[in-house]
Each structure stands twice: as structure tokens, then as C-alpha cells.
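Below are the chains, spelled out letter by letter.
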Amino acid sequence: MTAVDHRPAPRTDRAATAAALVLSVPLGVVTGAAGAALPLLRESYGLSPGSGVELVMLYNLGALLALLALGGARARVRARTLLASLTCLFAAATGGMALAVRTAETTGWGLLLSLATAAGFGFGGLILLLNSYAGENFGHRQLTVLNLLHACFGAGAVTGPLLMASGTGPVPVLAAAALVTALCLPVRRAPLAPTPPPPAGSGDPSGPAARRPRLLLAAFAAVSLLYAGLESSVAALASTHLTDLGHPASRATGLTGLFWAGLTVGRLVVPRLTRTWSPTRPALTGLLAGAAALLSTVLGDWAPAGYALAGLALSVVFPTVLAQAFTALGDGQRVAAVLLLLNLAGSAALPGAVAAAGAGGAAGIPLALAASALLTAAVLAAANRLATPRPRRTTAPVAPARPAAPRPAPDHVPVKETPLR
């Protein structure tokens, strides 16, 4: 993108930035552990096999409600209060979940579901405000901070299930997440500037100048939807594909973690390797390289490495798309809300479609995943084209011709006056 960044000088607070990065870890831990803990929670609450999925659904519903409730807020004069309240809500709800599981015999399943919904609301509000903060306040370091934010979240999302699998159990994991969250209250000092009013004389709000930003936001939202579907599809289908290739089921489940590890490591490493690239190049290159890596998983022995490389390649896509949207559109809180909302929708809706498209044989899943990556790349290329400012065609004014100096008429030739028309 060649647009010039006219945003004001970055206003950052080191303690707030550090707290935002650390806070992303327990957010990822609880999000990743919510699904991984279901087998243990069924035992604690005496639930039937296969039940309990409503816990994850209500957690995501809480996040969705937070995005809907807070994403359209234009004035952020009470941003400190909002950040502090959401941090306290997430810490209290997560700690309450730990206590509820510990006293499962007396508290009941309904209390845990209520607390999970509250924790989801805190989670959704915090990821919205943290992404807005990272996207609006760091100037040329914007992409680096966004990648660090998502890397910390990814590290937590990997750590939560690993701790569950190691025998730690949900109570210590949730309690530790609540404690770390409470220690991150300095995040309330993160500056979130009010959204500037539209410039005076901007013209008809329904005219072409107003429709272009809406079209651009819709394009970036489509990229967010498709990318989330791609990422969730890889996570959901990789173990099935590896099992079809002959890997034992338990080993296939563990090898799927290579994709998440690639995503987390890539967000720390890849931005350093692409510092001199144009802003639009990393995401497009990542999607194309990710498509090639996913396609290479048709080779049975190579498949685990292919999924790890796919994670590395795709790691920069969503943070880069967020950064591009922030730069092109401004109004970080609204943009973040729309993209994160579509991200949640894509994670929920698209894996089923990709699974249906890849149902034909062992090569079906890699082909469907690679096609999904290429479709996302095509939509992103269209969004980049919309975001690139087009030079206005102006016609140079034609200088008026200088009237010729009147020549004296000969005495014998009468001068006729030109009639006015």
C-alpha cells in the first residue's frame, strides 16, 4: 500500500504496552483451554460423553456480544475505565470458573456456563481494545506490535491445552490465568484516542467518496472471514488428514500442534525478515506460500513438516491485514470490531464447507485447504487494489490565447465592427 500515513505521532506507555502483551497470554490460555478441558469437565460434573460443548459456544457468544456492544462506540473518553473494567471482569470470571470447577459437586454446571459467558465478554472486549491500541499508536512499528500481540495470544492458546494434557487440570490453569490477568491492570493506561469527527464539507455521505471506504472495509472484512475459515479448517482437518495418511490417531493429534507452533514462531520471526518489504507484500506472499505448503501435505512423510511450514507462512496474514485496514481506513476501534467479528464468524462457519469440499480421498483435504488459501489471496489482492490511492486525472488549464495586437487599417479600407451575439 502506498498511502501516506498521516496519523499523529505515536503516543505509547511502556508499562501499558508490556501489560497488553502479557495480558494476551492468559487470554489465549483460557481460550485454548476451554475446549481442551471438556473431557475433564465431563468427569467433574458427571456429564454424558459428547456433551458440554455449550461451554465453548457460550464463551464465544460472550465475545461476540462484546464486539457488537463495544465496536460501534465512537467516543472513547472513558477508555481507561473500560479497559480496567474488562480486565477485572475477565480475571474475576476466570477465577470464578476455577472455583466453580473445584466445587463442582455443590455449584452445578449452570454456574460454570454463566461464568464462561462473562469471561467471553471480557475476552471479546479486551481483544478489541488491545488490537485497536496496537493499530493506532505505534506508527511504523504498528505491524511489529500487532504481530507480538498475536504471538503472545498464540503462545497462550498452545500452552493452555498442553498444561491440560500434562495432568495439571483446569483449576490451576484457570486460577493462574486469573492471577496474571489481575496483574495486568496497568493496561488501563493504554491511550485510545477518540475517533476524530468527519471533516467539514465532506459532501454527500451517500456519495461515491463515502461508498469507497465502505467498500474497502467490506473487502478487508471478507479477507478476515476467509482467513479465519482457512486457519480453523487447518486446525480442524489436519489430524483427520494425517490419520488418513496412516499416522496413529494420538500421534496425528499431537502433530497438529506443529501448525499452531508455526503460527506462533512465525509472528515473532517473519516480521523481522520482511521489514524492508512493502506493506502489502507479506500477507500476499504468506498466503501463496501457505497454499504451496498445504498442497505439499499430499506427501505422507512430508505432511507434518508441510503443516508446520504452512503455519509459518500464514502467521503474518491476519496482523498484516489489520495493519493495512487501520492505515487505510483509520477509526481503529470500528475497523477492529468488524474484522474480529468476521474472524469469529469465519472460524465457526467455513471449516464445514472446506471439509465437505475435501471429502474426496486422501488428497482432497490438502487441495481444499490450498484452494481456500488462494481464494483468500485473490480477495486480499482486490482489497489492496482498492486501498491504493489512484492519481486524480486533471486536465491542465489551457492558457487563454493572447489577442493579437490590432493592426492599423489602411485608410482606404473601412473597419467593420463585430456585432454582439
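Residues numbered from 1 in each chain as written. Predicted model: local features only at pLDDT ≥ 70, side-chain atom pairs only at ≥ 80, totals over all residues. Heavy atoms only, no water.

The name an unreviewed UniProt entry assigns to the protein chain is MFS transporter, from the organism Streptomyces thermolineatus. Looking at the Subcellular location (unreviewed entry) heading of the UniProt record, one finds this comment for the protein chain: "Endomembrane system". (UniProt positions renumbered as here; feature names shortened; annotations may be inferred.)

Novice: Tell me about the pattern of salt bridges, and name the residues and values.
Specialist: Applying the stated rule across the entire model yields 1 salt bridge. A salt bridge links Arg267 to Glu231; its shortest N-O distance comes to 3.9 Å. With a gap of 36 residues between them, Arg267 in helix H10 (residues 249–273) and Glu231 in helix H9 (residues 208–244) connect regions that are remote in the sequence. The exposure classification of Arg267 matches that of Glu231, with both residues buried. (Salt bridge = Lys/Arg side-chain N within 4 Å of Asp/Glu carboxyl O. Helix = DSSP H or I, 4+ residues; strand = E, 2+ residues; numbered from the N terminus. Buried < 20%, exposed > 50% of the residue type's maximum accessible area, 1.4 Å probe, protein only.)

Novice: An account of helix H11 (residues 281–295) is needed here, citing residue identities and associated values.
Specialist: A rise of 1.5 Å per residue sets the reference length of H11, with its 15 residues, at 21 Å; its end C-alpha atoms lie 21 Å apart and thus fit the reference within 8%. Looking at H11, one finds that the buried residues are Pro282, Ala283, Gly286, Leu287, Gly290, Ala291, Ala293 and Leu294. The arc that holds the buried residues of H11, viewed along the axis, is 165°, so those residues lie on one side. (Expected span 1.5 Å × (residues − 1). Arc of directions from axis to C-beta.)

Novice: Would you mind going over empty space enclosed by the protein in detail, with residue names and values included?
Specialist: For the structure shown, the criterion picks out 1 cavity of 30 Å³ or more. Size it by volume and the largest cavity reaches roughly 110 Å³. Lining the largest cavity are 14 residues, with Ala33, Ala34, Leu55, Met97 and Leu174 sitting closest to its centre. Contributing elements (two or more residues each) for the lining of the largest cavity: helix H1 (14–36), helix H3 (54–71), helix H4 (79–102), helix H6 (109–136) and helix H8 (170–182). The element contributing the most residues to the lining of the largest cavity is H1, with 3 residues. Among the residues forming the lining of the largest cavity, the class breakdown is 14 nonpolar, no polar and no charged. (1 Å grid on protein atoms, 1.4 Å probe; cavity = no way out; pocket = protein on both sides within 12 Å on 5 of 7 lines; lining within 4 Å. Points joined across faces, edges and corners; volume = space filled by probe spheres on them. Nonpolar A, V, L, I, M, F, W, Y, C, P; charged D, E, K, R; others polar.)

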